[in-house]
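So the chains spell out like this:
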Amino acid sequence: MSMPHEGSEPLSRLEGTRAGRVVAGRRRGAGKRFLVVGDVLDGILVHTTAHTMGIHDPAAVIRHRPAGAAGNTAAWLGWLGAEVDLVSRVGVDDVYRHERALEDAGVRAHLRYDAMTSTGVVVSVRNDGGRTAMSDPAASGAIRVDDVPTDVLSRADIVHLTGAGMLGGGAERVADLVACARSGSARVSLDPSSSAVIRAVGATELLAALDGVDVLFPGRQEALELTGTTDLDEAVRRLTAHVPLVVVTVGVDGVLIGRRGRSVQRVHATPATVVDTIGAGDAFAAGFVRAWATDPVRVGAAAREGTRVAARALGFVGGRPPV
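Residues numbered from 1 in each chain as written. Predicted model: local features only at pLDDT ≥ 70, side-chain atom pairs only at ≥ 80, totals over all residues. Heavy atoms only, no water.

J.: Looking at this model, I keep getting lost on the overall build of the chain. Mind explaining?
T.: Helix and strand content of the chain: 11 helices and 15 strands. Taking 323 residues into account, the globule formula puts the C-alpha radius of gyration at 20 Å, and the chain, at 18 Å, falls close to it. For the chain, the spread of C-alpha atoms along the three principal axes comes to 55 × 45 × 45 Å. Out of the 323 residues in the chain, the part that is buried amounts to 55%. In the chain, once contacts between residues fewer than 6 apart in sequence are set aside, the share between residues at least 24 apart is 71%. Element-wise, carbon and sulfur atoms account for 50% of the exposed surface of the chain, whose accessible area totals about 13800 Å². Side chains of the chain carry 36 positive and 36 negative charges; the gap between the two charge centres is 7 Å. (Helix = DSSP H or I, 4+ residues; strand = E, 2+ residues; numbered from the N terminus. Rg over C-alpha atoms; globule rule 2.2 N^0.38 Å. Buried < 20%, exposed > 50% of the residue type's maximum accessible area, 1.4 Å probe, protein only. Contact = heavy atoms within 4.5 Å. Areas by Shrake-Rupley, 256 points an atom, 1.4 Å probe, with all protein chains shown as cover. Lys, Arg positive; Asp, Glu negative; His and termini not counted. Charge placed at Lys NZ, Arg CZ, Asp CG, Glu CD.)

Written out as structure tokens, the structure reads:
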């Protein structure tokens, strides 16, 4: 998700981020527990002036950050003061480093290590013309149902499944993880993560695997890829035949909300100073599910909360909040 350039408020003015934000006398997400299952990656973030192959840019800005859609979403939930657990896989040498980074954001990390595979990596390269990303899920691509502790799952009110590495394992694994998430009393949200993942899995197969998902968070291209139409409103309506609540992020155009039997609802984006777009969709999902957990009826309000958190994410390099 990207936003128009406009001055943003200093972080100190985000009310009650660690203790729970108070809105209309209610702490959003208070008393709810969240479980995020998905990828934790190492991120190599490059900002360059180069526009063609073969150019050496000695002044490029290159940063190393913890990344991955699941790690990002969990970190924003923790930063917002939510009770959040995370299940993922990393290389054996990186467990402690990633655990510490997540704990600093208020996340209880349950990281399985893989002695045969390294931690996954995402490389994001941006210039004045846009951004492209390349990823190798490695250990995160091997997440399976057995990695999810039953006691952690049993305590969760919301289970959020996300990450190109995890969801790229095929429709059968997606269906297994959805069934695992549904085995308790939790509601289930899922972010399909990328149109490339949808093409790899197959749109028809992935839609069939979503049986039991309560809310779906596709971006514009993912919604179109899943439905095979070029009309976004029609794509939202078609998706509600598979998932009762569909929330599509459309960048500066905000959010489209689809519910079965209702007209598509539009929510404007929150203006933001755009420093880096990576992770904004993950931040949106965190803000949305935190509000939705408390009040599942007022989805418009949850979407507005999601856009506010996404606007914060756009102000930082990398996909996680500063801790």
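J.: Explanation requested: the pattern of salt bridges in the structure shown.
T.: If you walk through the whole model with that rule in mind, you get 16 salt bridges. Measuring nitrogen to oxygen at the nearest pair gives 3.3 Å for the salt bridge that ties Asp85 to Arg33. Highlighted residues: Asp85 in strand β6 (residues 83–91) and Arg33 in strand β3 (residues 33–38), separated in sequence by 52 residues. Owing to a relative accessible area of 3%, Asp85 belongs among the buried residues under this scheme. Arg33 gets classed as partly exposed once you look at its relative accessible area, which sits at 22%. Residue Asp233 is joined to Arg266 by a salt bridge in which the shortest nitrogen-to-oxygen separation is 2.7 Å. Taken together, the residues span a long stretch of sequence, with Asp233 in helix α9 (residues 232–239) and Arg266 in strand β15 (residues 265–267) at a distance of 33 residues. (Salt bridge = Lys/Arg side-chain N within 4 Å of Asp/Glu carboxyl O.)

J.: Is there a simple way to think about the pairing of β6 in this case?
T.: A regular strand places its side chains on the two faces of the sheet in alternate fashion. For β6, the buried fraction is high: 8 of the 9 residues fall into the buried class. For β3 and β6, the ladder comprises 5 bridges, and the chain directions are parallel. Within β6, the residue paired with Val36 across the bridge is Leu86. Handedness of the β6-helix α2 (residues 95–104)-strand β7 (residues 107–114) crossover: right-handed. (Pairing = 2+ DSSP bridges. Right-handed = clockwise from strand over helix to strand, strands pointing away.)

J.: Hey, could you run me through the pairing of strand β4 (residues 41–47) in this one?
T.: The buried fraction of β4 is high, at 5 of 7 residues. Of the pairings in the sheet, the one linking β4 to strand β5 (residues 61–67) comprises 7 bridges and is antiparallel in character. Following the sheet pairing, His47 is matched in β5 by Val61. Of the strand pairs in this sheet, β4 and strand β8 (residues 119–127) are connected by 7 bridges, and their pairing is parallel. Bridging across to β8, His47 finds its partner in Arg126.

J.: Please explain the confidence of the model for the chain as it appears in this structure.
T.: In low-pLDDT regions, the fine details of the predicted coordinates are not to be read closely. Here the chain averages 89 in pLDDT, while 91% of its residues score no lower than 70. Here residues 1–26 is a poorly scored stretch, pLDDT under 50, and it has 76 contacts once near neighbours within four places are set aside; other chains count. (pLDDT = per-residue confidence, 0-100.)

J.: I keep staring at the sheet that holds β4 and nothing clicks. Help me out?
T.: Two strands in a sheet stick together by hydrogen bonds in their backbones, pointing the same way (parallel) or opposite ways (antiparallel). Strand order in the open sheet made by the 4 strands is β5-β4-β8-β9, with mixed pairing throughout. The open sheet has two edge strands, β5 and β9 (130–138), and neither has a second partner. The average undirected angle you get between the axes of adjacent strands in this sheet is 15°. (Axes fitted to C-alpha atoms, helices over the stretch in contact; angles between N-to-C directions.)

J.: Quick question: what am I supposed to make of the sheet that holds β7 here?
T.: Taken together, 9 strands build an open sheet; the order of strands is β7-β6-β3-β10-β11-β12-β13-β14-β15 and the sheet is mixed. Edge strands, defined here as strands with exactly one partner in the open sheet, are β7 and β15.

J.: Quick question: what am I supposed to make of the side chain of Thr48 here?
T.: Checked against the element boundaries, Thr48 lands in the loop between β4 and β5. For Thr48, a relative accessible area of 10% puts it in the buried group.

J.: I'm lost on the packing of helix α10 (residues 280–294) against helix α11 (residues 299–313) in this one. Help?
T.: Two quantities define a packed helix pair, namely the angle between the helix axes and the distance between the axes. Where α10 meets α11, the axes come as close as 7 Å, and the angle between the chain directions of the two elements is 145°. You can see that α10 and α11 cross each other, and the crossing is right-handed. Of the residues in α11, those touching α10 at Ala280, Ala283, Phe284, Gly287, Phe288, Arg290, Ala291 and Trp292 are Val299, Ala302, Ala303, Glu305, Gly306, Thr307, Val309, Ala310 and Ala313. (Left-handed = near helix turned anticlockwise from the far one by under 90°.)

J.: Looking at this structure, how should I read the side chain of Arg320?
T.: Topologically, Arg320 is positioned in the segment after α11. Within the buried core, Arg320 has no salt-bridge partner, and the shortest N-O distance to an opposite charge, that of Asp42, equals 7.9 Å. Polar contacts involving the side chain of Arg320 include one to the main-chain carbonyl oxygen of Ala67, which spans 3.2 Å. Within the structure, Arg320 has its side chain in polar contact with the side chain of Asn72 (distance 3.4 Å). Dropping the residues within four chain positions of it, Arg320 is found in contact with Val40, Pro66, Ala67, Gly71, Asn72, Ala75, Trp76, Ala101 and Leu102. (Polar contact = N/O pair within 3.5 Å; in protein donor to acceptor, adjacent residues only side chain to side chain.)

J.: Please clarify how the packing of aromatic side chains should be interpreted in this entry.
T.: Each aromatic ring pair is summarised here by two numbers: the centre-to-centre distance and the angle between the ring planes. Enumeration over the complete set of coordinates arrives at 6 aromatic pairs. Both rings, one in Phe217 and one in Phe288, keep their centres 5.3 Å apart while their planes meet at 80°; by these two values the pair is edge-to-face. Of this pair, Phe217 sits in the loop between β12 (215–216) and α8 (220–227) while Phe288 sits in helix α10, placing them 71 residues apart in sequence. Grouped by ring-pair contacts, the aromatic residues Phe217, Phe284, Phe288 and Trp292 constitute a single cluster. The ring of Trp292 carries the charged tip of Arg187 above its face, separated from the ring centre by 4.4 Å. (Phe/Tyr/Trp six-rings, centres within 6.5 Å; stacked < 30°, edge-to-face > 60°. Lys NZ or Arg CZ within 6 Å of the ring centre and 35° of its normal.)

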